[in-house]
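Residue-level structure breakdown
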There are 2 protein chains.
Amino acid sequence: MGSVNQKALVILSGGQDSTTCLFWAIDRFGKDSVETLTFDYGQRHSIELTAASEVAMYAGVRNLVLPINTFQKIGGNALTDESIGVPNTVSNDELPATFVPGRNLIFLTFAAAYAWQRDICNLVTGVAQTDYSGYPDCRRATIDALEESLSLGLERRITIHTPLMNLSKKETVLLAKRLGAVDAMSLTHTCYNGRRPPCGECAACLLRARGFAEAGIPDPLTTA
Amino acid sequence: MGSVNQKALVILSGGQDSTTCLFWAIDRFGKDSVETLTFDYGQRHSIELTAASEVAMYAGVRNLVLPINTFQKIGGNALTDESIGVPNTVSNDELPATFVPGRNLIFLTFAAAYAWQRDICNLVTGVAQTDYSGYPDCRRATIDALEESLSLGLERRITIHTPLMNLSKKETVLLAKRLGAVDAMSLTHTCYNGRRPPCGECAACLLRARGFAEAGIPDPLTTA
């Protein structure tokens, strides 16, 4: 299905969602037209980088890790700041403590800058505006505006694909199954507490478990 | 003229344009409502950071330096990559070799993320679409689109002020004079070759000299 002029760069965190996106991109653009980009931005658990590398290797695509040392100096969030606790509950009423302001804007802008040099016009990201995140930079309206500013700022039409945008966790698991991505889930990392096997108690573990349960599919990460 | 709820963050490179913007912001928002942000992104000449610090101290405003170690890994431009020569001529026909794809997009997005944490809604940047740069991410249309994506992505109205956008270099010098910023120009750094006193031969030095000459004002950096 891929064509020679259609190349895609998948932002791969090593989690369930971005791994599903990688398989979506391979299905859409063809494996030889897909590469992946992972950010080493001071996340608390370097296990994420290992997971991304293993997933990319499993899928047979290139994986580049780009460092970002800026967020730590900006400070003030639970995913990079050891002094802030990670919440075990999810609320839609306010921004979660795991909010890194503008994180996805930065990720997508760096991805676009890297893609520019590699002649890639398609970016793929696993953000979703449904059911769980509450991050304003994960919404499609934000992504639409960003597509415009990136396209103008780089003088090249950039398309940001968000195949999970309107899917529930259950639907994401079903999509992974349809794409043959379920086996790869044994390599992914989701747990906010950085445990492997996962803690099963943090918000991320609970959401993941519920998605697999509702889809009626065993999670290879926890049922191996 | 500043009000208690109107705070501004100036992106200060330590050059002539951003220094003029700092004085513009002080005039517009009041000194106590202005702070500055400088990026340490692997530019070839750390003299820029010194200049920014000295300018901020001279103006009596806070200056934070944020590191960005990402561009060097993305590679391929003359301002951060030692293996690429700096051009001495300026052409409007193609992107100059000093183009760092998306650099201003990244700067403004990090600035907005930092401003978000400090309750600042106004960003000020010295980009200009007139006469010399050719960078697509310096154009007002790009900035307008970015304002929109930042405002949506951070859930807060962000305004990006570009007081130099449509000014020639001559007009920028005249603005600096009106704002009482000319003396501060002795602290600024412009030379692409990192020399102080400046080389007087690179494109940046030549443009600066022409601007001062056309404005009929001596440049305190070269005439001290």
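Keep in mind the model is a prediction, meaning the values are calculated, not measured.

1. Topic: the interface of chain A and chain B
- Residue-level contacts link 32 residues of chain A with 32 residues of chain B.
- At ten residues, the largest contribution of residues to the side of chain A that touches chain B is made by helix H5 (residues 140-154) of chain A.

2. Structural notes on the relation of the copies chain A and chain B
- Taken as rigid bodies, chain A and chain B are interconverted by a rotation of 180° and an axial shift of 0.0 Å, the fit giving an RMSD of 0.0 Å. Each copy turns onto its partner about a two-fold axis.
- Looking at chain A, 100% of its interface residues are interface residues in chain B too, so the copies touch through the same face.

3. Considerations on unusual backbone geometry
- Here the bond from Arg196(A) into Pro197(A) is cis, since omega is 5°, no more than 30 degrees from zero.
- Within the secondary structure, Pro197(A) sits in the loop between helix H6 (169-178) and helix H7 (203-215).
- At Asp119(B), a position not held by glycine, the phi torsion is positive, near 65°.
- With respect to the helices and strands, Asp119(B) occurs in the loop between helix H4 (103-117) and strand E4 (122-124).

4. With respect to the packing of H4(B) against helix H5 (residues 140-154) of chain B
Residue and element names in this part refer to chain B.
- Closest axis-to-axis distance for the H4/H5 pair is 11 Å, and the angle between their directions is 35°. Crossing hand, H4 versus H5: right-handed. Side by side, H4 and H5 meet where Leu105, Leu108, Thr109, Ala112 and Trp116 of the first sit next to Leu146, Leu150 and Leu154 of the second.
- Looking at the contact of H4 with H5, its residues break down into seven nonpolar, one polar and no charged.

5. Here we look at the sheet that holds strand E4 (residues 122-124) of chain A
Residue and element names in this part refer to chain A.
- Taken in spatial order, the five strands of this open sheet run E3-E2-E1-E4-E5, and their pairing is parallel. The sheet is open, and its two edges are formed by strand E3 (62-67) and strand E5 (159-161), each paired on a single side. The mean inter-strand angle of the sheet, taken between neighbouring strand axes irrespective of direction, is 25°.
- Summarising the sheet, E4 and E5 pair through three bridges and their orientation is parallel. The residue bridging Leu123 from the neighbouring strand is Ile160, located in E5.
- Those strands touched by helix H1 (residues 16-29) are strand E1 (8-11), strand E2 (34-40) and E4, and its axis lies near 170° from that of E1.

6. A word on the pairing of strand E3 (residues 62-67) of chain B
Residues and elements named next belong to chain B.
- Relative to E3, strand E2 (residues 34-40) is paired through six bridges, and the arrangement is parallel. Opposite Leu37, over in E3, you have Leu64 as the bridge partner.
- Note on the crossover from E2 through helix H2 (residues 47-59) to E3: the handedness is right-handed.

7. Description of the environment of His45(A)
- Take His45(A): it is sitting in the loop between E2 and helix H2 (47-59).
- Accessibility expressed as a C-beta count within 10 Å gives 17 for His45(A), which makes it partly exposed.

8. Notes on the nonpolar core
- Ala111(A) and Ala111(B) are the most contacted members of the largest nonpolar core, which has 130 residues in total.
- When near neighbours in sequence (up to four residues on either side) are disregarded, Ala111(A) contacts Leu9(A), Ile11(A), Leu37(A) and Leu123(A).

9. Thoughts on the packing of H6(A) against H7(A)
Residue and element names in this part refer to chain A.
- Where H6 meets H7, the axes come as close as 7 Å, and the angle between the chain directions of the two elements is 65°. Of the two possible hands of crossing, H6 and H7 adopt the one that is right-handed. Across the interface between the two elements, Lys169, Lys170, Thr172, Val173 and Leu174 from H6 touch Leu207, Arg210, Gly211, Phe212, Glu214 and Ala215 from H7.

10. Notes on the confidence of the model for chain A
Residues and elements named next belong to chain A.
- Model confidence for chain A is summarised by a mean pLDDT of 87, while 84% of its residues fall at 70 or above.
- Overall, residues 86-97 carries pLDDT values under 50, and its contacts beyond four positions in sequence, including any with other chains, amount to 19 contacts.
- For this predicted complex, the interface confidence score (ipTM) comes to 0.87, while the overall pTM stands at 0.88.

Quick notes on the rules
Here the residue numbers are simple positions, counted from 1 along each chain's written sequence. Chains and ligands are labelled by the order in which they are written, letters from A for the one and numbers from 1 for the other. Per-residue local features of the predicted model are confined to residues with pLDDT of at least 70, and side-chain atom pairs are confined, for both listing and counting, to 80 or more; whole-chain, interface and lining totals are unaffected and use all residues. By the criterion used throughout, residues are in contact when their C-beta atoms, derived from the backbone, lie within 7 Å. Helix and strand assignments come from DSSP, with helices taken as H or I runs of at least 4 residues and strands as E runs of at least 2, each series counted from the N terminus. Least squares is used to superpose the copies, and the fit set is the C-alpha atoms of residues whose pLDDT is at least 70 in both copies. Helix axes use the C-alpha atoms of the stretch in contact, all axes being lines fitted to C-alpha atoms, and the angles between their N-to-C directions lie in the range 0 to 180 degrees. Note: crossing handedness is left-handed where the near helix turns anticlockwise from the far helix by less than a right angle, and right-handed where it turns clockwise. Classification convention: Asp, Glu, Lys, Arg as charged; Ala, Val, Leu, Ile, Met, Phe, Trp, Tyr, Cys, Pro as nonpolar; all other residues, Gly among them, as polar. We treat two strands as partners when DSSP finds at least two bridges between them. Throughout, right-handed denotes a crossover for which the path from the first strand over the helix to the second runs clockwise when the strands point away from the viewer. Three classes are used. A residue is buried when 20 or more other C-beta atoms lie within 10 Å of its own, exposed when 12 or fewer do, and partly exposed in between, with C-beta atoms placed from the backbone. For our purposes the nonpolar core covers buried Ala, Val, Leu, Ile, Met, Phe, Trp, Tyr and Cys residues that link as a set through C-beta atoms within 7 Å. Scored between 0 and 100, pLDDT is the confidence that the predictor attaches to each residue.

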